[in-house]
Amino acid sequence: EPEVTQTPSHQVTQMGQEVILRCVPISNHLYFYWYRQILGQKVEFLVSFYNNEISEKSEIFDDQFSVERPDGSNFTLKIRSTKLEDSAMYFCASKQRNTEAFFGQGTRLTVV
Amino acid sequence: AQSVTQLDSHVSVSEGTPVLLRCNYSSSYSPSLFWYVQHPNKGLQLLLKYTSAATLVKGINGFEAEFKKSETSFHLTKPSAHMSDAAEYFCVVSPPMDTGRRALTFGSGTRLQVQP
């Protein structure tokens, strides 16, 4: 069964460092998303991506964040200068036009 | 605009007894509604979805949910809880599924505990 895969599963980084979280969406999907879940809190929307551009983003997704689909298979989230409050589980998701969203297993980011 | 309220942050049941996880939604259009489950240290797995077809939706692992427009509710039920059902459950609302650009809105989650 096709699935969304995310790497790495865990990432520890020092405050101020750049991190790139990687996702491989399901191959025939068209819409891509990043969500995050700070420990003990609800899952929050960050950004959606369609047709090689951002279609919607939340107020969390500020200038420190960027997304890219560099090669037609990967979908990456970059945080330029990490802050302690960026520590969270980050979920990638993808969908077709008329399907539900399929989520990856998540990347746990810890900023120290 | 859309929002989701999960009325219970924690629910504890005994194995073999019914499960009820409550969800109310608010939406300015006819929404799609989902329940996702998250087991410890795992990703989000779809349990079931409502997309304007039958109002009683059956999902995996014996779960089902009923869409009640008049009550703006989408409660999740299961007749008999199993130990493996212990997890976090999220009620999720989205615009109609053909508008794929729009984001999902998650409820705050309900942690289900199943006692032996």
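One can find the structure itself at the top, above this paragraph.
Note that this is a predicted model, so its numbers are computed, not measured.

Structural notes on the environment of Leu21(B)
Residue and element names in this part refer to chain B.
- Topologically, Leu 21 is positioned in strand β3 (residues 19-21).
- Along the chain, Leu 21 and His 10 lie eleven residues apart, while their C-alpha atoms are 9.2 Å from each other.
- Contact partners of Leu 21, with chain neighbours within four places excluded, come to Val 11, Trp 35, His 75, Leu 76, Tyr 89, Thr 110 and Leu 112.

Let's talk about the pairing of strand β9 (residues 73-78) of chain B
Residues and elements named next belong to chain B.
- Bridge count between β3 and β9: three bridges; the pairing is antiparallel. Considered in β9, the bridge of Leu 20 is made with Thr 77.
- Where strand β8 (residues 64-68) and β9 come together, five bridges link them in antiparallel fashion. Bridge pairing links Phe 67 to Phe 74 in β9.
- Linking β8 to β9, which pair antiparallel, is a turn of four residues; within it Thr 72 sits at a positive phi near 45°.

So, the packing of aromatic side chains
- Under the defined criterion, the tally for this structure stands at 19 aromatic pairs over all chains.
- Plain terms: the ring middles of Phe103(A) and Tyr36(B) are 5.2 Å apart, the flat faces sit at 80° to each other, and that makes the pair edge-to-face. Taken together, the residues Phe103(A) in strand β10 (residues 102-103) and Tyr36(B) in strand β5 (residues 32-38) connect one chain to another. By the burial criterion, Phe103(A) is buried, and Tyr36(B) matches it.
- Among the aromatic residues, ring-to-ring pairing joins Tyr33(A), Tyr35(A), Phe45(A), Phe91(A), Phe103(A), Phe34(B), Tyr36(B), Phe90(B) and Phe106(B) into one connected group.
- Just above the ring of Tyr31(A) sits the side chain of Lys95(A); from NZ or CZ to the centre is 5.4 Å.

Brief notes about the state of the cysteines
- Summed over the entire model, instances satisfying the criterion amount to two disulfides over all chains.
- A sulfur-sulfur distance of 1.9 Å marks the disulfide that ties Cys23(A) to Cys92(A). Because the sign of the S-S torsion sets the handedness, a value of about -65° for the bond joining Cys23(A) and Cys92(A) places this disulfide among the left-handed ones. In this pair, Cys23(A) is assigned in strand β3 (residues 19-24) and Cys92(A) in strand β9 (residues 88-95), connecting sequence segments 69 residues apart. For the pair shown, Cys23(A) and Cys92(A) are each scored as buried.
- The residue that forms a disulfide with Cys23(B) is Cys91(B), at a sulfur-sulfur distance of 2.0 Å. One disulfide, between Cys23(B) and Cys91(B), carries an S-S torsion of -65° and so falls in the left-handed class. Of this pair, Cys23(B) sits in strand β4 (residues 23-27) while Cys91(B) sits in strand β10 (residues 87-94); the two residues are 68 residues apart in sequence, bridging distant segments of the chain.

Cut-offs and rules
Residues numbered from 1 in each chain as written. Chains lettered and ligands numbered in written order. Predicted model: local features only at pLDDT ≥ 70, side-chain atom pairs only at ≥ 80, totals over all residues. Heavy atoms only, no water. Helix = DSSP H or I, 4+ residues; strand = E, 2+ residues; numbered from the N terminus. Contact = heavy atoms within 4.5 Å. Pairing = 2+ DSSP bridges. Phe/Tyr/Trp six-rings, centres within 6.5 Å; stacked < 30°, edge-to-face > 60°. Buried < 20%, exposed > 50% of the residue type's maximum accessible area, 1.4 Å probe, protein only. Lys NZ or Arg CZ within 6 Å of the ring centre and 35° of its normal. Disulfide = S-S within 2.5 Å.

In short, the description is geometric, and any link to function would need to be established separately.
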